Amino acid sequence: MKIRKQLLHYQLVLQSTSVSLYWLIWIYLFWITFGLFILYSTTGFPSAVIYKNSLFFIKKQFCWTILSFVIIIALFKMKKRYFFLIGKIGTTINLLAINYTLLTNFSINGARRWVEIGPLLYQPVEIEKPFFLLCLSQLLTKTTELKYKEFVFLGLITLGTFLGIFLQPDFASGLLYLSILFIIIFLQQLSYKHLILGIGFCLSFILLNIFLHPYQLNRIISFIQTLGSESTNMNITQLNQSFETIIRGGFFGLGIGCGQTTFESLPVYYADFIFSVFLENFGIFGSMFFFLFLSVYTSFYLSNFIKLIKKPDVIITLGCFLFLILQTCIHLGVTCNLLPITGIPLPFVSYGGNAQLACICLFSLSVRLFYENSRPVLPQKEKKVISI
């Protein structure tokens, strides 16, 4: 009897889901499945040669994906009032982890962005994204317009995150966080005083990063100076190799798993340059399909977004959308030799368990809020009245 009632409840939930939200969920699931397929098609043969296992990367990515779906189930069963408490706890843990990376000597390719937890590598910069949005929405919705003290408090609570990110150094992720913070604050219709303070806050971190790590400014300048020309600089060489990989694919591509890219010719291509190898395998025709898919995703997402009424929900879902779209645009810009190397992964496609977990949590958080906004009131259980 209980199982029958539970099935009836889920049937009502599915019936109450709007058509646009229903299709958005399927788009997300397709994006995740498509990403696993692309990762396997681009890394299967090289990993079979080097690691003697063609599923070396895909098995790890799949395990992180399963873990992410377990978290999604817990998130959908959790009451909404606990979201902000979890946001505060998660932000505190990630702030400590981000600053802890500065005290350790563990690094990958010169970057100190990970914390070793047994066999796992925990990247707090990626995991922080949904928690950051939860805390930000809580701070920005106390009043219709931020007061000076609240703005200072917002700056202090984000100071540790930004400072730790820039000191790692992870300039690209720092700019990503700053861009999303600035866009969300700008859309809150604040006064010019608050807007100027926000711009000053963002610029101060950028200048601080350039002062502490001047090589990053030199990297940008050298990228502009050598754009389209041959260079012995390692970063410029990788960008040129990425562009050559795209050209090699042509219009229809070389075919699934038929690419000639190796770990030696394009290091870490399964993460930082996976779209280059995608174009090599599937060509410009495949990229047209991918851009069409992004357009469909954007239209369905915005069709649900404009229905939101509550201000915290608007801030959180807007942040989720900006994280996924800006990451995609930056990755494609690097792939097409339009931006210097940033190390920003392509959501749901690039190899990386922490990035996969963060992206799926962002997707599930936005879907949960869309559903909360559109669902009707489900029938409550009838209470038994005992007559005397």
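Coordinates for the structure precede this section.
Read on for an overview of the structure. (Residues numbered from 1 in each chain as written. Predicted model: local features only at pLDDT ≥ 70, side-chain atom pairs only at ≥ 80, totals over all residues. Heavy atoms only, no water.)

1. A closer look at the overall build of the chain
Here comes step 1: When you go through the chain residue by residue, the secondary structure sums to 13 helices and 2 strands.
Here comes step 2: Residue burial in the chain is summarised as follows: out of 388 residues, 48% are buried.
Here comes step 3: Summarising the internal contacts of the chain: among those between residues at least 6 apart in sequence, 75% fall at separations of at least 24.
Here comes step 4: Only carbon and sulfur atoms are counted for the fraction: they give 70% of the accessible area of the chain, which is about 20,400 Å². (Helix = DSSP H or I, 4+ residues; strand = E, 2+ residues; numbered from the N terminus. Buried < 20%, exposed > 50% of the residue type's maximum accessible area, 1.4 Å probe, protein only. Contact = heavy atoms within 4.5 Å. Areas by Shrake-Rupley, 256 points an atom, 1.4 Å probe, with all protein chains shown as cover.)

2. Section: the pattern of salt bridges
Opposite charge on two side chains makes pairing possible when the charged atoms of those side chains draw close.
Here comes step 1: A full pass over the atoms with the stated rule returns 4 salt bridges.
Here comes step 2: The salt bridge partner of Asp313 is Lys80, with a shortest N-O separation of 3.0 Å. In this pair, Asp313 sits in helix 12 (residues 311–335) while Lys80 sits in the loop between helix 3 (56–77) and helix 4 (83–100), placing the two residues 233 residues apart along the sequence.
Here comes step 3: The buried category is assigned to Asp313, whose relative accessible area is 5%.
Here comes step 4: You can call Lys80 partly exposed: its relative accessible area is 23%.
Here comes step 5: For Arg248, the salt bridge goes to Glu280, with nearest N and O atoms at 2.9 Å. A residue pair is termed long-range when its members are at least 10 positions apart, and Arg248 in helix 10 (residues 234–249) and Glu280 in helix 11 (residues 274–305) qualify at 32 residues.
Here comes step 6: Under the relative-accessibility criterion, Arg248 is labelled partly exposed at 31%. (Salt bridge = Lys/Arg side-chain N within 4 Å of Asp/Glu carboxyl O.)

3. Focus: the nonpolar core
Soluble globular proteins tend to pack their nonpolar side chains together in the buried interior.
Here comes step 1: Of all hydrophobic cores here, the largest spans 68 residues; its most connected members are Tyr28, Trp31, Ile184, Tyr297, Tyr301 and Phe348.
Here comes step 2: Take this core: its biggest share by element is 11 residues, from helix 11.
Here comes step 3: For Ile184, the contacting residues outside a window of four places in its chain are Leu133, Leu136, Leu140, Ile315, Leu318, Gly319 and Leu322.
Here comes step 4: In this structure, Tyr122, Phe131, Leu357 and Cys361 belong to the second largest nonpolar core, which totals 8 residues. (Core = buried A, V, L, I, M, F, W, Y, C linked by side-chain atoms within 4.5 Å.)

4. Re helix 4
Here comes step 1: Over its 18 residues, helix 4 extends 25 Å from the first C-alpha to the last, a length consistent with the 26 Å expected when each residue adds 1.5 Å.
Here comes step 2: When we look at burial in helix 4, the residues that qualify are Phe83, Gly87, Gly90, Thr91, Asn94, Leu95, Ala97 and Ile98. What you see down the axis of helix 4 is that its buried residues fit within an arc of 165°, all on one side. (Expected span 1.5 Å × (residues − 1). Arc of directions from axis to C-beta.)

5. Section: unusual backbone geometry
Here comes step 1: Located in the positive-phi region is Phe348, a residue other than glycine, with phi close to 65°.
Here comes step 2: Among the structural elements, Phe348 can be located in the loop between helix 12 and helix 13 (353–374).

6. Topic: the environment of Leu369
Here comes step 1: Among the structural elements, Leu369 can be located in helix 13.
Here comes step 2: When its relative accessible area of 1% is taken as the criterion, Leu369 is described as buried.
Here comes step 3: Distance in space between the C-alpha atoms of Leu369 and Lys310 is 9.9 Å, their sequence separation being 59 residues.
Here comes step 4: Leaving out residues up to four positions away in the same chain, Leu369 has contacts with Lys80, Leu308, Asp313, Ile316 and Thr317.

7. Some remarks on the packing of aromatic side chains
Here comes step 1: Applying the stated rule across the entire model yields 33 aromatic pairs.
Here comes step 2: Consider the rings of Phe30 and Phe289, whose centres lie 6.4 Å apart with planes at 80°: the pair is edge-to-face. Linking Phe30 in helix 2 (residues 19–50) with Phe289 in helix 11, this pair joins segments that are 259 residues apart in sequence.
Here comes step 3: Judged by its relative accessible area of 37%, Phe30 is partly exposed. (Phe/Tyr/Trp six-rings, centres within 6.5 Å; stacked < 30°, edge-to-face > 60°.)

8. Description of the side chain of Gln356
Here comes step 1: With respect to the element layout, Gln356 can be found in helix 13.
Here comes step 2: Separated by 3.0 Å, the side chains of Gln356 and Thr65 make a polar contact.
Here comes step 3: Gln356 has contacts with Ile32, Gln61, Thr65, Ser68 and Phe348, leaving out every residue within four places of it along the chain. (Polar contact = N/O pair within 3.5 Å; in protein donor to acceptor, adjacent residues only side chain to side chain.)

9. A look at the packing of helix 4 against helix 5 (residues 124–140)
Here comes step 1: Between helix 4 and helix 5, the least distance of the axes is 8 Å, while the angle of their chain directions is 135°. Accordingly, the angle class assigned to the pair helix 4 and helix 5 is oblique. Judged by the sense of rotation from one axis to the other, the crossing of helix 4 with helix 5 is left-handed. Each of Phe83, Phe84, Ile86, Gly87, Lys88, Gly90, Thr91, Asn94, Ala97 and Ile98 in helix 4 lies in contact with helix 5, whose residues at this interface are Pro124, Val125, Ile127, Glu128, Phe131, Phe132, Leu134, Cys135, Ser137 and Gln138. (Axes fitted to C-alpha atoms, helices over the stretch in contact; angles between N-to-C directions. Parallel < 35°, antiparallel > 145°, perpendicular 65-115°, else oblique. Left-handed = near helix turned anticlockwise from the far one by under 90°.)

10. Quick look at the side chain of Thr65
Here comes step 1: For Thr65, the location among the structural elements is in helix 3.
Here comes step 2: Not counting the four nearest positions on each side in its chain, Thr65 is found in contact with Ile32, Leu36, Gln356 and Ile360.

11. Structural notes on the packing of helix 11 against helix 12
Here comes step 1: One way to put it is that helix 11 packs onto helix 12 with a least axis distance of 12 Å and a crossing angle of 160°. Judged by the inter-axis angle, helix 11 sits roughly antiparallel to helix 12. Crossing of helix 11 against helix 12: the hand is left-handed. Here Ile274, Phe275, Ser276, Phe290, Phe291, Leu294, Tyr297, Thr298, Tyr301 and Phe305 of helix 11 lie close against helix 12, whose contacting residues are Val314, Thr317, Leu318, Cys320, Phe321, Leu324, Ile325, Thr328, His331, Leu332 and Thr335.
Here comes step 2: Per-class residue counts for the contact of helix 11 with helix 12 are 15 nonpolar, 6 polar and no charged. (Nonpolar A, V, L, I, M, F, W, Y, C, P; charged D, E, K, R; others polar.)

Coordinates in, geometry out; function isn't part of it.
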